[in-house]
Amino acid sequence: MDFTESDEQRLLRTTVAKIAGSYGHAWFVDQARTGGKAQALWDELSAAGFTGVNVPEPYGGGQGLLELAMVAEETAAQGIPLLIFLVSPAICGEILARHGTAEQQAQWLPGIGSGTEKMAFAITEPDAGSNSHKVSTWARRDGEGWRLSGTKYYISGVDEAANLLVVTRTGTDERTGRGELTLFIVPTDAPGLTWTPISVELVATEQQFTVTFDEVAVSDANRIGPVGGGLRPLFTGLNPERILSAAVLNGIARYCLDKASAYATTREVWGVPIGSHQGIAHPLAEAAIGVELARLMTLKAAWSFDQGLDAAASSNLAKLAAADAALVAVDRAIQTHGGNGMSTDYGLVTMWGMARLLKVAPVSREMVLNWVATHELGLPRSY
Ligand SMILES: Cc1cc2nc3c(=O)[nH]c(=O)nc-3n(C[C@H](O)[C@H](O)[C@H](O)COP(=O)(O)OP(=O)(O)OC[C@H]3O[C@@H](n4cnc5c(N)ncnc54)[C@H](O)[C@@H]3O)c2cc1C
């Protein structure tokens with residue numbers, strides 16, 4: 001078993017860190033608070049070939065989800081946690097690469113691979129929530145094509161995206177009552193598609209939206225995977241989303257622990273650096289161990305996915321472990337800074353919202369525990 005990263009991977013990490021570091025956390029917060037975007041950074045990372053490293057080589061990538069996770073982690077470790085990594089190259093890129101037809105790949109993957117086009121992802125609905133089998137955004141046949149109607153909410157980055165990958169219902173399984181799901185790619189400027197921003201207490205450069213489909217006409221050529229057989233392609237995208245969430249969380253944790261270590265080595269109040277007190281050092285050391293364990297599971301999950309192995313368990317575990325570890329790291333970094341932990345200049349509290357979000361989304365802590373209880377431990381399903 002080889003845990004060493006290749007020279008190329010190390011170079012990828014340092015190059016991304018250098019680019020993202022030239023923007024930095026204060027820039028990120030400023031963009032987020034003024035309704036700006038992280039577009040300048042995204043463009044620079046894209047020009048270097050990093051935002052779509054995981055898509056197949058003919059479309060601008062040629063590496064794996066592992067490398068995409070490294071890009072997202074290093075960007076977050078510079079204080080810039082980006083949700084768009086989870087959605088566009090991870091979910092949409094991987095679903096298209098594994099389930100799109102040659103024509104569909106040729107149409108949408110070059111934009112995702114080069115980073116010149118983003119694709120948003122819409123599954124969450126007000127009345128379905130964590131129960132995706134209940135989605136009620138219907139796609140109904142209309143001649144050769146389809147008409148989509150329904151509402152999705154908390155959809156990130158719709159305003160930045162050229163297209164939206166939408167999870168719809170095209171029927172109901174009579175035996176189970178569960179929705180038969182079908183995936184479609186819908187241009188964000190399609191007639192009948194409207195979106196309104198949702199205000200959230202989160203420092204992020206991506207905005208969230210309620211998206212309404214009012215009899216939106218979609219060509220059958222935009223259907224990804226079989227009619228009613230959307231679960232398989234959907235699950236292809238959900239593991240990458242969890243892995244990229246974990247990668248972003250690991251980056252957030254590293255950013256906070258780096259700041260805490262720097263502060264604890266220089267700040268003196270009793271004639272010695274505060275980091276020499278075990279009351280400060282041990283909580284940070286413990287947090288660092290949690291982060292390292294989460295990183296290991298994240299890399300295992302990404303590697304498993306790239307090898308075509310079942311990555312469900314490792315992706316779920318990585319996401320849960322990384323969220324817990326990041327929240328501990330943020331909190332202990334704030335504690336280490338004393339009153340300065342609250343200051344704008346030290347840029348710590350501004351990371352908390354993203355870490356906290358990723359404990360709930362894209363899959364909540366409770367749903368991961370449910371999954372582990374039933375799939376790994378064989379316990380009865382509670383719902
Ligand atoms: C900032 C932000 C960005 C987002 N971006 C996107 C996006 O781009 N695309 C998209 O489709 N969605 C997006 N989401 C939605 C997100 O994925 C969901 O909020 C998340 O999956 C949880 O679903 P829910 O909010 O409906 O919670 P609910 O399903 O209503 O759950 C509420 C609580 O009940 C718990 N719970 C539910 N069922 C069970 C059970 N069986 N056992 C134990 N506990 C249970 C949950 O764990 C949770 O704590 C985003 C959300 C936010 C806040």
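The sections below set out a description of the structure shown in this document. (Residues numbered from 1 in each chain as written. Predicted model: local features only at pLDDT ≥ 70, side-chain atom pairs only at ≥ 80, totals over all residues. Heavy atoms only, no water.)

1. Section: the site of the ligand
Quick reminder of the rule: When at least one non-hydrogen atom of a residue lies within 4 Å of a molecule or strand, that residue is treated as near it. N or O atoms within 3.5 Å of each other form a polar contact, as long as, within protein, one can give a hydrogen and the other can take it, and as long as residues adjacent in sequence are counted only when both atoms are side-chain atoms. Note on areas: these come from Shrake-Rupley sampling with a 1.4 Å probe, and a residue is covered only by the protein chains present in the view. A run of H or I in DSSP becomes a helix once it reaches four residues, and a run of E becomes a strand once it reaches two; helices and strands are each numbered from the N terminus. Residues were grouped as follows: Ala, Val, Leu, Ile, Met, Phe, Trp, Tyr, Cys and Pro as nonpolar; Asp, Glu, Lys and Arg as charged; and all remaining residues, including Gly, as polar.
Around the ligand lies a shell of 20 residues, among which Thr124, Ser130, Tyr154, Ser364 and Glu366 are the nearest. Here serine 156 contributes a side-chain N or O atom positioned 2.8 Å from a nitrogen atom of the ligand. The contact in question runs from an oxygen atom of the ligand to an N or O atom on the side chain of glutamate 366, over 2.6 Å. Taking 980 Å² as the accessible area of the ligand by itself, protein coverage stands at 69%. When contributions to the shell around the ligand are tallied by element, the ones reaching two or more residues are β1 (119-122), β3 (145-156), α10 (349-360) and α11 (365-376). Grouping the amino acids of the shell around the ligand by side-chain chemistry returns 12 nonpolar, seven polar and one charged.

2. Description of unusual backbone geometry
Applied cut-off: Burial here depends on accessible area, computed with a 1.4 Å probe over protein chains only, as a share of the maximum for the residue type. Under 20% is buried, over 50% is exposed, and the range in between is partly exposed.
Omega for the peptide link from alanine 361 to proline 362 comes to -5 degrees, which places this bond in the cis form. With respect to the helices and strands, proline 362 occurs in the loop between α10 and α11. A positive phi angle, near 50 degrees, is found at glutamate 215, a position not held by glycine. Its location among the elements puts glutamate 215 in strand β7 (residues 208-218). Of the residues examined, glutamate 215 reaches a relative accessible area of 42% and is grouped as partly exposed.

3. What to know about the packing of aromatic side chains
Selection criterion: Stacked, edge-to-face and tilted are the three classes for Phe, Tyr and Trp ring pairs, Trp counted by its six-membered ring, which pair at centre distances within 6.5 Å; planes under 30 degrees apart are stacked, over 60 edge-to-face, the rest tilted.
Throughout the structure, instances matching the rule amount to six aromatic pairs. For the ring pair tryptophan 42 and phenylalanine 85, a centre distance of 5.3 Å and an interplane angle of 50 degrees mean the geometry is tilted. In this pair, tryptophan 42 is assigned in helix α3 (residues 39-47) and phenylalanine 85 in helix α5 (residues 84-99), connecting sequence segments 43 residues apart. Assigned by exposure class, tryptophan 42 and phenylalanine 85 land together as buried.

4. Observations regarding the pairing of strand β5 (residues 179-187)
Stated precisely, the cut-off is as follows: Strand pairing requires that DSSP identify at least two bridges connecting the strands.
With respect to burial, β5 is a largely interior element, seven of its nine residues being buried. Hairpin connection of strand β4 (residues 163-172) to β5: six residues between the antiparallel strands, including glycine 177 at a positive phi of 80 degrees. Taken together, the two bridges between β5 and strand β8 (residues 223-224) define a ladder with antiparallel strand orientation. When the sheet's bridge partners are listed, leucine 183 is paired in β8 with isoleucine 224.

5. Let's talk about the pattern of salt bridges
The following threshold applies: Take a side-chain nitrogen of Lys or Arg and a carboxyl oxygen of Asp or Glu: if they are within 4 Å of each other, that pair is a salt bridge.
All chains considered together, the criterion is met by 17 salt bridges. Its salt-bridge partner being arginine 13, residue glutamate 5 comes within 2.8 Å of it at the nearest N-O pair. Both residues of the pair, glutamate 5 and arginine 13, count as buried. A salt bridge links glutamate 73 to arginine 254, with the nearest nitrogen and oxygen atoms 2.6 Å apart. With glutamate 73 in helix α4 (residues 65-77) and arginine 254 in helix α7 (residues 231-266), this pair connects stretches of sequence that are 181 residues apart. On the basis of relative accessibility, which here comes to 4%, the residue glutamate 73 falls in the buried class. Each of Glu5, Arg13, Glu73, Glu74, Arg254, Glu292 and Arg295 takes part in salt bridges that share partners, so that together they form one network.

6. Digging into the nonpolar core
The test is simple: Working definition of a nonpolar core: buried Ala, Val, Leu, Ile, Met, Phe, Trp, Tyr and Cys residues. They are joined through side-chain atoms within 4.5 Å. In this description, contact between two residues means that some pair of their heavy atoms is separated by no more than 4.5 Å.
Ranked by size, the top nonpolar core spans 94 residues in total, and within it Leu82, Phe85, Phe121, Leu165, Leu244 and Ile252 carry the most contacts. When near neighbours in sequence (up to four residues on either side) are disregarded, leucine 165 contacts Cys92, Ile95, Met119, Ala120, Phe121, Ala122, Leu183, Phe184, Ile185 and Ile224. Of all hydrophobic cores here, the second largest spans 19 residues; its members include Ala139, Leu193, Val216 and Val218.

7. Describing the environment of cysteine 92
By the element assignment, cysteine 92 lies in helix α5. Placed 216 residues apart in sequence, cysteine 92 and glycine 308 show a C-alpha to C-alpha distance of 17 Å. In this view, cysteine 92 contacts Val87, Ile112, Met119, Ala120, Phe121 and Leu165; residues no more than four positions away in its chain are not counted.

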